[in-house]
Amino acid sequence: MPLSNSLFKKAFFLGLITLTSTSIFAQSRVDSLTKALKANEKDIKALLELCWEYRYHHPDSARIFGYQALKIAREKKENTFEVEALHNLAVTYEAQGDYKKSLAYNLDALKLRKQLNDEIKTANTLNNIGVAYDELGNFSLSLKYYNEAYRTYKKKKHIEGIAMVSSNLGILFKAHEDYKNVIKYYQEANSIYKKLNKARETAFTEANLGSVYYYTKQYDSCIYYSLKAQKAFKELNILQFLPLTYTNAGIGYAAKGDDQKALELLNTAVGLNQKYNNRKELAFTYIHLAKLMLKIKKLTEASENAKKAITIAEEIGASKQVMDAKETLALISQEQGKFKEAYALHLASTKIKDSLFQKDKTALISDYQVRYQTEKKEQQIRSLHQQNTIQQLEIKQRNLGLGIALGILLLGGGFAYLIINRRKLKAKADLQAEIIKQQDIASKAVLDAEERERRRIAGDLHDGVGQMLSAALMNLNGLFDKLKLQTDINLQAEQALALVNESYDEMRSISHQMMPNALIKSGLASAVKEFIGKLDQDKLKVTLETVGLNERLDEQTETVIYRVIQETVNNVVKHAEASKLDIQIIKDEEGISVTIEDNGKGFDKNKVDIKAGIGLSNIYSRVEFLKGTVDIDSTEGKGTLVAIHLP
């Protein structure tokens, strides 16, 4: 059963009028608009903005302003304002889970958008229609409108629009358990929003990632990203989206067996959904609360929660939630010994499931029917032409034998050419593959040799030079205790002893940098912690976050990642003039991602050859050896982000 994401779709519901406020509910802005409306009750701009400001918190009041704006716009025949009124009204209905009315207003808006020839706003409306069809359970039409919006954003190079549709496509594919596409689209959206420094949208995509990790059974990641998004929503004062983060985290804890924590989070989600009138999400939370009650054998409470979910889902026409709630209630009734009731509920759930499948199937059949009729008409036309062709064939029949012989000869020559050419191409491809293989072997050998040499030198320094320096220190200290030297000689001796001490410390530092013991004994996470622990935290505050590193990576991968982090951090210390540095290492099914972000002075990428430096050149060559990618993003005065992905 997919986790609900309709609230997150609301967050990406674009297409607002150019004069719309960017705050969620700025009271001072509302007061100003109300005052303007009192001065002129037909101020269409004020009506539209009030409709938008009230859309989530007071959707009924928002619609009053929207209807007034729509009426005035139609009276004055001002299409620009009419389409914005239709759009805003669609959002108010979507906010309350009335997706049929939301769809109707969006379809009317789409007609006007196309007339006004505004491609970006048309794409926004196409995306909104995709949302509505998704919520109504029509996968085929939802995908059609999402893809049309996605193509337009790509064509216009509208980066934020691409990210928005990617998020919604991820949500759509998740409902059909196509998690490969889900992760692809979520990661694309998250990457774009991070680069654009969009904290709000980044939080939404992190919440979505938390959701999908539930289905890949990575429950720690599900909880981690859900709680991370929850924290961000609180900081950004985006309170209406909090309930779903509580629900998703609660489901994660339930899957891990922490029923008490799960119950606490789900009950909090119920209260918040009721507060913000998130009816579909409330139904969804009741379903999972019912499942949890069934698990801990509180059957009465389980039954009550499932029935509440059915009532709410039926009121708003959320077929998927009705299906899931009835199936859950069937399991509860079975546990209570009400087998007849359980059987009836199971049949009802199955009927809804078949109905949802039939919607997509009907759309496909309709498409095939159109193709069939077209092909049938073409066949009739070909039949008429055949009558004339038969007569012409009788005349040409005498030359048919010669034509066949010639055709066979040409065909044989063509096949011979294709076979010879194919062999040449195959030989060339085999040669190229062997060259690449040998290059990889050579690169690996060089990297291995370099690391072995580092270890050898580090060992020689530690075990050879280190032991001799240590012995010298002991002897010198012993001599000082036995000899009574003159004052000036004593001073020189102390200086010599200090130099030997300093040399010993320097030798140990070089030895550990060349091959840290923590990397060999404890793994990547411990080695990085030890490395950043030696930095001056008063000058540079460093935070390290690791996810999924429960098991050790192979030695070569750990060494490459450590060297890359070591080189990047050294560059920050030397050049960035930063006060804060964030390091994140995440391992998931797609691979390993490393991000290193500072708040330093940054640089203009157009003026700097990033690969010119020896250190950065080493980073690129090491990562490319492991078939990975390096992306460096920096702006003057806004810091630098280094993102590395190893598949």
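Our subject in this report is the structure included herewith. Owing to the predicted nature of the structure, the values given are computational and were not obtained by experimental measurement.

With respect to the sheet that holds strand β5 (residues 640-646)
Overall, mixed pairing links the 5 strands, which are arranged β1-β2-β3-β5-β4 in an open sheet. Strands with a single pairing partner mark the edges of an open sheet, and in this sheet they are β1 (541-547) and β4 (629-634). Within the sheet, the average angular offset between the axes of one strand and its neighbour, ignoring direction, is 10°. In this structure, β4 lies alongside β5, joined through 6 bridges in antiparallel fashion. Considered in β5, the bridge of D631 is made with A643. Against the sheet, helix α12 (residues 219-235) touches β1 and β2 (580-588), its axis set at about 140° to β1.

Some remarks on helix α6 (residues 99-116)
Since there are 3.6 residues in each turn of an α-helix, residues three or four apart along the chain are aligned in direction. Under the 1.5 Å per step criterion, the end-to-end length of α6 is 25 Å for 18 residues, consistent within 8% with the ideal 26 Å. All of the buried residues in α6 are Y99, S102, L103, Y105, N106, A109, L110, L112 and R113. After α6 finishes, the residue N117 shows a positive phi value of roughly 60°.

Regarding the packing of helix α16 (residues 299-316) against helix α17 (residues 319-335)
Orientation of α16 relative to α17, taken along the N-to-C sense of each, is 160°, at an axis distance of 9 Å. One element, α16, and the other, α17, form an angle in the roughly antiparallel class. As α16 runs across α17, the sense of the crossing is left-handed. Facing L299, A302, S303, A306, K307, A309, I310, A313 and E314 of α16, the residues of α17 in contact are Q321, V322, A325, K326, L329, I332 and E335. For the contact of α16 with α17, the per-class residue count stands at 10 nonpolar, 2 polar and 4 charged.

Some thoughts on empty space enclosed by the protein
For the structure on display, the rule yields 2 cavities of 30 Å³ or more. In this model, the largest cavity occupies a volume close to 40 Å³. Taken together, I183, Q187, L209, Y213, Q218, D588, E589 and E590 make up the full set of residues lining the largest cavity. Taken together, the elements giving at least two residues each to the lining of the largest cavity come down to α10 (179-195) and α11 (199-215). Of the residues assigned to the lining of the largest cavity, the class counts are 3 nonpolar, 2 polar and 3 charged. What the second largest cavity holds in volume is close to 30 Å³. Of all the elements in the fold, those that place two or more residues in the lining of the second largest cavity are α23 (555-576) and β5. The greatest single-element share of the lining of the second largest cavity, amounting to 3 residues, is contributed by α23. Its residues placed into classes, the lining of the second largest cavity shows 7 nonpolar, no polar and no charged.

Overview of the pattern of salt bridges
Evaluated as defined, the whole model comprises 20 salt bridges. The closest approach of N and O atoms between R113 and E84, which form a salt bridge, is 3.2 Å. One end of the pair, R113, is in helix α6; the other, E84, is in helix α5 (residues 79-95), with 29 residues separating them in the sequence. Each member of the pair R113 and E84 is classed as buried. Close ionic contact of E206 with K228 constitutes a salt bridge, the shortest N to O distance being 3.5 Å. Note that E206 is positioned in helix α11 and K228 in helix α12, a separation of 22 residues in sequence. For E206, a relative accessible area of 8% gives the class buried.

Regarding the side chain of T640
Here T640 lies in strand β5. In this structure the side chain of T640 is engaged in a polar contact, spanning 2.9 Å, whose partner is the side chain of S634.

A short note on the pairing of β2
Relative to β2, β1 is paired through 7 bridges, and the arrangement is parallel. Directly across from T543, in β2, lies its bridge partner D582. Each parallel crossover has a hand, and for β1 linked through α23 to β2 it is left-handed. The sheet contact formed by β2 and strand β3 (residues 591-598) spans 8 bridges and is antiparallel. Bridge pairing in β3 places D588 opposite G591.

Topic: a nonpolar patch on the surface
A grouping of L411, F415, Y417, L418 and I419 is seen on the molecular surface, where their side chains present a nonpolar patch of about 550 Å² in accessible area. Assignment of secondary structure puts I419 in helix α19 (residues 400-482).

Topic: the nonpolar core
In this structure, F233, Y246, Y286, L292, L329 and I332 are the most contacted members of the largest nonpolar core, which totals 48 residues. When contributions to this core are tallied by element, the ones reaching two or more residues are α11, α12, α13 (242-256), α14 (259-275), α15 (279-295), α16, α17 and α18 (339-396). Per-element accounting of this core gives the leading share, 9 residues, to α15. Within the second largest apolar cluster, 40 residues are counted, among which are A149, I171, V182 and V212.

Notes on the packing of aromatic side chains
This model, assessed by the stated rule, comprises 11 aromatic pairs. Here Y214 and Y215 contribute two aromatic rings whose centre-to-centre distance is 5.3 Å and whose plane-to-plane angle is 85°, an arrangement assigned as edge-to-face. Taken together, the aromatic side chains of F204, F233 and F241 make up a single cluster linked through ring pairs. Note that K144 overlies the ring of Y145, its terminal NZ or CZ placed 5.3 Å from the centroid. Cation over ring: K184 sits above Y185, and NZ or CZ is 4.6 Å from the ring centre.

Thresholds, definitions, all that
Residues numbered from 1 in each chain as written. Predicted model: local features only at pLDDT ≥ 70, side-chain atom pairs only at ≥ 80, totals over all residues. Heavy atoms only, no water. Pairing = 2+ DSSP bridges. Helix = DSSP H or I, 4+ residues; strand = E, 2+ residues; numbered from the N terminus. Axes fitted to C-alpha atoms, helices over the stretch in contact; angles between N-to-C directions. Contact = heavy atoms within 4.5 Å. Expected span 1.5 Å × (residues − 1). Buried < 20%, exposed > 50% of the residue type's maximum accessible area, 1.4 Å probe, protein only. Parallel < 35°, antiparallel > 145°, perpendicular 65-115°, else oblique. Left-handed = near helix turned anticlockwise from the far one by under 90°. Nonpolar A, V, L, I, M, F, W, Y, C, P; charged D, E, K, R; others polar. 1 Å grid on protein atoms, 1.4 Å probe; cavity = no way out; pocket = protein on both sides within 12 Å on 5 of 7 lines; lining within 4 Å. Points joined across faces, edges and corners; volume = space filled by probe spheres on them. Salt bridge = Lys/Arg side-chain N within 4 Å of Asp/Glu carboxyl O. Polar contact = N/O pair within 3.5 Å; in protein donor to acceptor, adjacent residues only side chain to side chain. Right-handed = clockwise from strand over helix to strand, strands pointing away. Patch = residues over 30% accessible without salt bridge, like charges linked within 9 Å, V, L, I, M, F, W, Y side chains within 5 Å. Areas by Shrake-Rupley, 256 points an atom, 1.4 Å probe, with all protein chains shown as cover. Core = buried A, V, L, I, M, F, W, Y, C linked by side-chain atoms within 4.5 Å. Phe/Tyr/Trp six-rings, centres within 6.5 Å; stacked < 30°, edge-to-face > 60°. Lys NZ or Arg CZ within 6 Å of the ring centre and 35° of its normal.

Everything listed here is a matter of geometry and, on its own, says nothing about what the molecule does.
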